[in-house]
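Below, each chain spelled out in residue letters.
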Protein chains: 4
Amino acid sequence: MIFSDAIPADAFRSVRQRSVKLCEPLETEDFTAQPCTEVSPPKWHLAHTSWFFEEVILCKYKHDYQRFNPSFSKLFNSYYKSAGVHWLQSERGNLSRPTVSEVLAYRHYIDEQMLALLKKKTDDLSLKQVLELGLHHEQQHQELLLMDIKYILGINPQLPAYTDAPLPKGEKIQPAWFEHPEGIIETGYDGNGFAYDNEKPKHKSYIYPFRLSQNLVSNGEYLEFIEDGGYSNPALWLSKGYDFINENNITQPLYWSRQDDTLFEFTLHGNLPLDPELPVAHISYFEADAYAKWKACRLPTEQEMEVFHQTTIAEQGTTPPSGLFHPNNTHASSDQLWCWTSSHYSAYPGFSPFSGMAEEYNGKFMCNQFVLRGSCIATPPGHWRTSYRNFYEPHQRWMFSGIRLARDDT
Amino acid sequence: MIFSDAIPADAFRSVRQRSVKLCEPLETEDFTAQPCTEVSPPKWHLAHTSWFFEEVILCKYKHDYQRFNPSFSKLFNSYYKSAGVHWLQSERGNLSRPTVSEVLAYRHYIDEQMLALLKKKTDDLSLKQVLELGLHHEQQHQELLLMDIKYILGINPQLPAYTDAPLPKGEKIQPAWFEHPEGIIETGYDGNGFAYDNEKPKHKSYIYPFRLSQNLVSNGEYLEFIEDGGYSNPALWLSKGYDFINENNITQPLYWSRQDDTLFEFTLHGNLPLDPELPVAHISYFEADAYAKWKACRLPTEQEMEVFHQTTIAEQGTTPPSGLFHPNNTHASSDQLWCWTSSHYSAYPGFSPFSGMAEEYNGKFMCNQFVLRGSCIATPPGHWRTSYRNFYEPHQRWMFSGIRLARDDT
Amino acid sequence: MIFSDAIPADAFRSVRQRSVKLCEPLETEDFTAQPCTEVSPPKWHLAHTSWFFEEVILCKYKHDYQRFNPSFSKLFNSYYKSAGVHWLQSERGNLSRPTVSEVLAYRHYIDEQMLALLKKKTDDLSLKQVLELGLHHEQQHQELLLMDIKYILGINPQLPAYTDAPLPKGEKIQPAWFEHPEGIIETGYDGNGFAYDNEKPKHKSYIYPFRLSQNLVSNGEYLEFIEDGGYSNPALWLSKGYDFINENNITQPLYWSRQDDTLFEFTLHGNLPLDPELPVAHISYFEADAYAKWKACRLPTEQEMEVFHQTTIAEQGTTPPSGLFHPNNTHASSDQLWCWTSSHYSAYPGFSPFSGMAEEYNGKFMCNQFVLRGSCIATPPGHWRTSYRNFYEPHQRWMFSGIRLARDDT
Amino acid sequence: MIFSDAIPADAFRSVRQRSVKLCEPLETEDFTAQPCTEVSPPKWHLAHTSWFFEEVILCKYKHDYQRFNPSFSKLFNSYYKSAGVHWLQSERGNLSRPTVSEVLAYRHYIDEQMLALLKKKTDDLSLKQVLELGLHHEQQHQELLLMDIKYILGINPQLPAYTDAPLPKGEKIQPAWFEHPEGIIETGYDGNGFAYDNEKPKHKSYIYPFRLSQNLVSNGEYLEFIEDGGYSNPALWLSKGYDFINENNITQPLYWSRQDDTLFEFTLHGNLPLDPELPVAHISYFEADAYAKWKACRLPTEQEMEVFHQTTIAEQGTTPPSGLFHPNNTHASSDQLWCWTSSHYSAYPGFSPFSGMAEEYNGKFMCNQFVLRGSCIATPPGHWRTSYRNFYEPHQRWMFSGIRLARDDT
């Protein structure tokens, strides 16, 4: 937990600055594009994270608070129905106004108001709690920012790079398996720090012996699957998955392309020749599941992943190599892609949602999504913990997702 | 298990006859309608179940088998890609030919061929196994037949009854709860009889103390939810659910309608004034979940439901009152509606699919569906068992589904 | 005009019987299919034409008229909003009830009521007028019946024939052109017989010298266009047309198919090897226009077609060879396919719509449709006249449409 | 004709500068938005008009011409299939790159290259002709620019004004009718100046006596139609029109809104209280046609409109009041809204398309569109002429369209 020890105002300042810093490489025009519904304009992320502080903290904790602009209340609400009607998600990219500089002015105003408030109410515990939620919320949007920026740049025929830092080459890694015996395990959060409602309560599960690959599936391994006709063999696919790849002409991971006879992968470091040793990224659940089946393996459950993280890399995930925006296996100590699990996203036994507006944070999405575990290169330092549950729909691919294989250990 | 003790030919004859018998009340025109993609024409069910025996048994076990009509191979394949291309599900209702009498002739041919084969190969164990699968398959389609017939009649402005047998009135039932303590339980099938691959293997789970309502939620109770504004309160709904009911203008269960100030429910016994004591039926997961939340309860998990069935009604489900085609709580000993569980439909630990064409029976649908437990008024006698897992998508309502509430017992 | 001279009751009886007779080759199952929105179930045509007499005549002219079934008022209204709400066109095929025999009983009831009325009111001129409209309306539906039956049988993998009468082979025909000089011409109807409102008033147009092919484009000629890459050359196509054929993978006329290396054409006489001398049929406006452009010609205007018909075949179109249900050029004296014109379907100068419910007959469709002239093999004897205007949307192909080329005569 | 007399380089410079000047009030973010498929990002217009000169002139007339950026060839092609594949129209708004300044650099490069070329080839007649086409093309996009900018600003909840110049109030105007007798008239272009291929050849038509309103229908008059229930009376509407307004919940002109009890109209001068004397604008063909029917009038044909313009305002349309971006009837001498005609957009007799890439300019759109005549406040000075034919689909409303009534003069 990053914030409990820090002075709240310092934590606030630090997280808020990072969002703006992530956008520094962008052109003004990049801030408003929304090439598909799920990808939001970077400008929107900068505004929505500010709206969250305004709505949840300033409007409640600050006497006579004056909103920066009353129309933003509707405009930058993402999906909180208890906070009133909101602008349609699919239409975010149609909003040329407010401009980027107006949004930055909005951020500045929120920052000043928040810092003044924090100075005044140093001992308000409930304020600290929502502050922490707001900061974790902003960190989630920092990861989304990188995902969305990558998509906006990646569909552009000019394929502009986000950074000109070079991407180190991958290294050949030896297969290795983590093993775990049968028995009762405990997963979920019960520490003193921050965790989302969906990580609680800590609870017992009965687990069967399994093995988990120490490594993510590499581009080279995935290429074998493709070359073996994996995408045209219905026996490997979930029914909805096979329909999906056929309706959308999907025959390779999201950012792969072929020029003449060379495969390329678009990364935030530019469009680069595919490196066979790097982990395969931007994979849907459908693809991960089909690959695992082709390998006579399966995807892990989220319990298996959590036990794995408890055991081996409890401290991991907090220190992704700075300046790198693509998974790179030379830093083997940390997860660099979210791993799909076979677990549908459901409530834990005894689940009780956050109260207030945050009740809508997690619970209402527990339908038709799958859990991903670990973290990724785009996850902000200090954001992740072992009990962390990420979730996406099985067809989605624009997040930094990868494959970790599991098998029954019999 | 119904068939293991019976003489195979008798079991075959009996199941096959029942399908045709279920269609007796139909007009020829009813056999071809397909009012929506998921509802198949009754004619198609009669043909497809025959196709299953042809494809899985006759083509494999009978030397020099001559197909009744080679074009049926493609026409009546539902979704078995290993058996070749198939006619689009959404286009089944466009096929006026083969006619009903041609389909009945097809059934007759299959029956004769099968009975001849069974006479000859009395000791072939593998044949007995696929025979059993084929019969359970046909029983599943018998339930679908009643669901689909109900839908075809129910969208018709004439609202024709399927049967003119009277429907007994419901009785007021006192609330009662089943209780279960914390601990390790075992669910799944490991008997000697027939079970689908998705019910296996038997395995352990850790379970927390819970209560389960002995009764299904009644129409009258559900009406209170409606009258309290349940359908327009977003806080009660899953996000996808609230979108779904609004896009489709859903404000009540599938077969309810209002004439002047009276509520009616269309049943296979005709369009009847809503009986407040009967269980509410034809409910989506979204509705079941919202109702449970409104009641400050939750839906049970499938493990909880299976433990409940193990304990209380192991023998139940096999004797629905004959001649009744709508749930009726005067027969309290049996389940009469499938109960939605909060469990996404997933593989059990150690799951291994059927082999051959039947590999596509269950596993490829383990995505974005929820498990229902129990059985329903339309389930054929002898089909159900405690470990049985039914599954549907969360928006679907045309099956005989209902609500059984659960709560944590703390 | 066929009816003015006939005894009304005889005309009525004759037209009504013909509709039922056209359905004689059908199986009961064929009566309810609706493979696409624009194709109505044959049962629906039989009922709707009866509804028209009930709504327009019996309800108005018969004292204390009792409807056969009040629910039919909504069910068999096609699109007359002044007659109240109507069942959705796209959902006609979902109605298994009323059954075919109920619909025939409905027809029988209407026939009896009508004949009784006609006997009584022999001198009511306004009644005669709406009777005539009702009979022409039914004749239009007789042509639609054959179009729709052909479509229902033609999408069926069994490709059942409507008639087992043999189809005579086409004959090679020499090219010949009709020529017409510049000047003022008159088109439109001003006779004493029946004509639709859209054919009136007779009016003058200024016309430039043109030539019109005496023959329809043949299958063989159209095949040259295909083999020359016509369907993949965007320069030949209207913009909307090129989009349409690509989105729908259209590469040949509607009923053509290729088996091994042989081209077949499905006809009401069965699925036959393509006869190169017969006229190409079931062509969209987009295809007709592209073909004409490829031939360095153009499609005629509707004025040019009407002048052509005035001059050369005034008596034509009334005697299609009986027992033939596919165009056959051995009967050169009559048109056998509707010819696409380049004229958008618009009101004539001074147009005044029918009054009453019939106001909705033509005028409200004058948008985004093109006029076809002539008549076709499916047009009932006596229905057509020189001023007749048929109209369809440019992508539609299921009517008996063909191509007659025109060119400027300079 | 503006260019024939001018020195080509001066005309080029003047037209090109005006496009950039029209964008001066925009924020960078406004340049990339595409709120619906038909509305293109302003940045795209600036680039596409440059692409046109590059593709049609520089690549052909300039020896060893080096493209500014080869990828622009595909990116800024609108729909010219003869010039190769092109970026999807609906995806233009997804392109954050090239940035506005890159596009301005592109324009600068094209301008320099073109001016150098024009200096060199002063006597090349064919160059002059395509130059003229390119300049008229750019002028068309200047009008589109204002339409699209208005839409981008108008869907924004902030409703930003394009100009802060005040909009003069409308004046009450007395009804007056233009009258024209029966006979042969001539329409179409045969002058020496520039005209599009679709305006040619000049040709005769036979016309019936008619009257045409001297004034456009005003907001106040249109409001009466609304208040009389015009939008919910199916008898007034084309069938496709009634479906369209119901599916899209259309109950008033595009830019009208109601706040409390006051009607507002969004204009490029800001969101203003509706002025009842100003002409009603941003009306679909469906709405114009329904209004005319409600008034017991009709829309004029394009021939009637051209005769009207020939007679009364031949010099008109060339001098819209500068600095005004909304129709204003105090300048009665000029048309300020395009008037819908009842004429489908078709080829004139003897039509022959431009050759080369420009063949795709007009002819391929002659399907399912209606002609509009006159010009509008956004039409560049000097662009319009009496024979000018504008065309849009009947549901479209974002152009500056209005209603001029006609009636038969009997």
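Sequence positions are assigned chain by chain, starting from 1 and proceeding in written order. The naming scheme follows written order: chains are lettered A onward, ligands numbered 1 onward. With pLDDT at 70 or above as the cut-off, local features in this predicted model cover only qualifying residues; side-chain atom pairs require 80 or more to be listed or tallied, and sums for whole chains, interfaces and linings still use all residues. Processing note: side-chain calculations cover all non-hydrogen atoms of the structure and skip hydrogens and water entirely.

### As for the overall build of chain A
So, point 1. Helix and strand definitions here come from DSSP, where helices need a minimum of 4 consecutive H or I residues and strands a minimum of 2 consecutive E residues; each element is numbered from the N-terminal end. A count of helical and extended segments in chain A gives 9 helices and 12 strands.
So, point 2. Dimensions of chain A along its principal axes, counting C-alpha atoms only, are 65 × 50 × 35 Å.
So, point 3. By the burial criterion, 60% of the 410 residues in chain A qualify as buried.
So, point 4. The protein chains shown are the only cover counted for residues, whose accessible areas, like all others here, come from Shrake-Rupley with a 1.4 Å probe. Roughly 15,800 Å² of accessible area belongs to chain A as shown, and the carbon and sulfur atoms make up 50% of that amount. Exposure is judged per residue with a 1.4 Å probe applied to protein chains only, and the accessible area is read against the type maximum: over 50% gives exposed, under 20% gives buried, and values in between give partly exposed.

### Considerations on the pattern of salt bridges
So, point 1. Every case where a carboxyl oxygen of Asp or Glu lies within 4 Å of a side-chain nitrogen of Lys or Arg is listed as a salt bridge. According to the stated counting rule, one finds 88 salt bridges over all chains in the structure shown.
So, point 2. Here B:Glu359 and A:Lys293 are joined by a salt bridge, their closest N and O atoms 3.5 Å apart. With B:Glu359 in the loop between β8 (338-344) and β9 (370-373) and A:Lys293 in helix α8 (residues 285-294), this residue pair bridges two chains.
So, point 3. Accessibility expressed as a relative area gives 30% for B:Glu359, which makes it partly exposed.
So, point 4. Between B:Asp408 and B:Arg298 there is a salt bridge; the shortest N-O distance is 2.9 Å. Taken as a pair, B:Asp408 in strand β12 (residues 406-408) and B:Arg298 in the loop between α8 (285-294) and α9 (302-312) lie far apart in primary sequence, 110 residues in all.
So, point 5. Assessed through its relative accessible area of 33%, B:Asp408 is described here as partly exposed.

### So, the relation of the copies chain D and chain C
So, point 1. Superposing the copies works by least squares over the C-alpha atoms of residues that have pLDDT at least 70 in both of them. You can overlay chain D on chain C at an RMSD of 0.0 Å; the transform is a turn of 180° with a shift of 0.0 Å along its axis. The superposition operator between the copies reduces to a two-fold rotation axis. Residue D:Asn368 of chain D places its C-alpha closer to the rotation axis than any other residue of that unit, at 2.2 Å.
So, point 2. For this analysis, residues touch if any pair of their heavy atoms sits within 4.5 Å. Here 100% of the interface residues in chain D have copies in chain C that are interface residues too; the copies meet face to matching face.

### Brief notes about the environment of D:Leu278
Residues and elements named next belong to chain D.
So, point 1. Topologically, leucine 278 is positioned in the loop between β7 (270-273) and α8 (285-294).
So, point 2. Overall, the relative accessible area of 2% leaves leucine 278 in the buried class.
So, point 3. Sequence-distant contacts of leucine 278, defined by excluding residues within four places in its chain, comprise Leu167, Gly170, Ser218, Asn219, His326, Pro327, Asn328 and Asn329.

### A few points about the interface of chain D and chain C
A common way to report how large an interface is uses the accessible area buried once the components associate.
So, point 1. At the junction of the two partners, chain D supplies 34 residues and chain C supplies 34 residues.
So, point 2. Buried area is understood as the total, over both parts, of accessible area removed when two parts are fitted together, assessed with a 1.4 Å probe. Summed over both sides, the interface between chain D and chain C buries roughly 2,600 Å², with carbon and sulfur atoms accounting for 59% of that surface.
So, point 3. By the criterion of area lost to chain C, the three top residues of chain D are D:Lys240, D:His344 and D:Asn368, representing 21% of everything that side buries.
So, point 4. Here chain D and chain C share 4 salt bridges between them.
So, point 5. With its nearest N and O atoms 2.7 Å apart, the salt bridge here joins C:Glu393 to D:Lys240.
So, point 6. By the criterion applied in these results, polar contacts are pairs of N or O atoms within 3.5 Å in which, for protein atoms, one can donate a hydrogen and the other can accept it, and in which residues neighboring in sequence qualify only through two side-chain atoms. For the interface between chain D and chain C, the tally reads 12 residue pairs in polar contact (both at pLDDT 80 or more).
So, point 7. Sorting the residues of the side of chain D that touches chain C by element identifies β3 (203-207), α7 (239-247), α8 and β8 (338-344) of chain D as the ones contributing at least two each.

### Digging into the side chain of C:His282
Residue and element names in this part refer to chain C.
So, point 1. On the secondary structure map, histidine 282 appears in the loop between β7 (270-273) and α8 (285-294).
So, point 2. Reaching out from histidine 282, the side chain makes a polar contact with the backbone oxygen of arginine 397 at a distance of 3.2 Å.
So, point 3. When sequence neighbours within four positions are dropped, the list of residues in contact with histidine 282 reads Lys150, Pro253, Leu254, Tyr255, Glu287, Arg397, Trp398, Met399, Phe400 and Ser401.

### A closer look at the pairing of strand β6 (residues 262-267) of chain C
All names here are of chain C.
So, point 1. Most of β6 sits inside the fold, with 5 of its 6 residues counted as buried.
So, point 2. Pairing analysis gives 4 bridges linking strand β5 (residues 256-259) to β6, with the strands arranged antiparallel. Residue pairing for β6: serine 257 is matched across the bridge by phenylalanine 264.
So, point 3. We call two strands paired when DSSP finds no fewer than two bridges between them. Between β5 and β6, which pair antiparallel and follow one another directly, the connecting turn spans 2 residues, one of which, aspartate 260, has a positive phi of 50°.
So, point 4. Bridge count between β6 and β7: 4 bridges; the pairing is antiparallel. The residue of β7 that forms the bridge with threonine 267 is glycine 270.
So, point 5. The antiparallel pairing of β6 with β7 creates a hairpin that spans 2 residues between the two strands.

### Thoughts on the interface of chain B and chain A
So, point 1. Counting from both sides, the interface comprises 34 residues of chain B and, opposite them, 34 residues of chain A.
So, point 2. It is B:Lys240, B:His344 and B:Asn368 in chain B that bury the most area against chain A; as a group they hold 21% of the surface buried on that side.
So, point 3. Remark: the boundary between chain B and chain A carries 4 salt bridges.
So, point 4. Scanning the region where chain B abuts chain A turns up 12 residue pairs in polar contact (both at pLDDT 80 or more).

### A short note on the side chain of A:Lys364
So, point 1. If you trace the backbone, A:Lys364 turns up in the loop between β8 (338-344) and β9 (370-373).
So, point 2. Taking relative accessible area as the criterion, A:Lys364 reaches 11% and is therefore assigned buried.
So, point 3. Setting aside its immediate chain neighbours within four residues, A:Lys364 contacts A:Tyr79, A:Lys81, B:Trp237, B:Leu238 and B:Ser239.

### Structural notes on the sheet that holds strand β4 (residues 210-213) of chain D
Residues and elements named next belong to chain D.
So, point 1. Across the sheet, which stays open at both edges, the 3 strands sit in the order β1-β4-β12 with antiparallel pairing between neighbours. The open sheet has two free edges, formed respectively by β1 (177-180) and β12 (406-408), since each of these has just one partner strand. Here the average twist between neighbouring strands, direction ignored, is 20°.
So, point 2. Along the sheet, helix α9 (residues 302-312) contacts β1, β4 and β12; its crossing angle with β1, the most-contacted strand, is approximately 105°. Only the stretch in contact is used when fitting a helix axis, every axis being a line fitted to C-alpha atoms; angles between N-to-C directions are given from 0 to 180 degrees.

### Things to note about α9(D)
So, point 1. Where burial is concerned, most of α9(D) is hidden: 8 out of the 11 residues are buried.
So, point 2. Taken together, the buried positions of α9(D) are occupied by D:Glu302, D:Gln303, D:Glu304, D:Met305, D:Glu306, D:Val307, D:Phe308 and D:His309.

### Regarding unusual backbone geometry
So, point 1. In the segment running from B:Arg97 into B:Pro98, the intervening peptide bond is cis, with an omega of -5°.
So, point 2. Mapped onto the elements of the fold, B:Pro98 is located in the loop between α3 (72-75) and α4 (100-120).
So, point 3. Put simply, C:Lys200 and C:Pro201 share a cis peptide bond, and its omega is -5°.
So, point 4. Here C:Pro201 lies in the loop between β2 (183-187) and β3 (203-207).
So, point 5. Although it is not a glycine, B:His282 adopts a positive phi angle of roughly 60°.
So, point 6. With phi around 50°, C:Asn249 is a residue other than glycine that occupies positive phi space.
So, point 7. Here C:Asn249 is to be found in the loop between α7 (239-247) and β5.
So, point 8. Residue classification places C:Asn249 among the exposed positions, given a relative accessible area of 67%.

### Section: the sheet that holds strand β6 (residues 262-267) of chain D
The strands making up a sheet associate through hydrogen bonds between their backbones, and the pairing can be parallel or antiparallel.
Residue and element names in this part refer to chain D.
So, point 1. Pairing is antiparallel across the open sheet formed by 3 strands, whose spatial order is β5-β6-β7. The open sheet is flanked by β5 (256-259) and β7, the only strands paired with a single partner. The sheet shows a mean angle of 35° between the axes of neighbouring strands, direction not considered.
So, point 2. Against the sheet, helix α6 (residues 219-227) engages β5 and β6, with an angle of about 70° to β5.

### Points about the confidence of the model for chain A
So, point 1. Each residue gets a pLDDT score, which is the predictor's confidence in that residue and runs from 0 to 100. When pLDDT is averaged along chain A, the result is 93; 95% of the residues meet or exceed 70.
So, point 2. Predicted complex, confidence summary: ipTM 0.95, pTM 0.96.

### Things to note about the relation of the copies chain B and chain A
So, point 1. Mapping chain B onto chain A is achieved by rotating through 180° and translating by 0.0 Å along the same axis, at an RMSD of 0.0 Å.
So, point 2. Both copies contact each other with a shared surface, as 100% of the interface residues of chain B are interface residues in chain A too.

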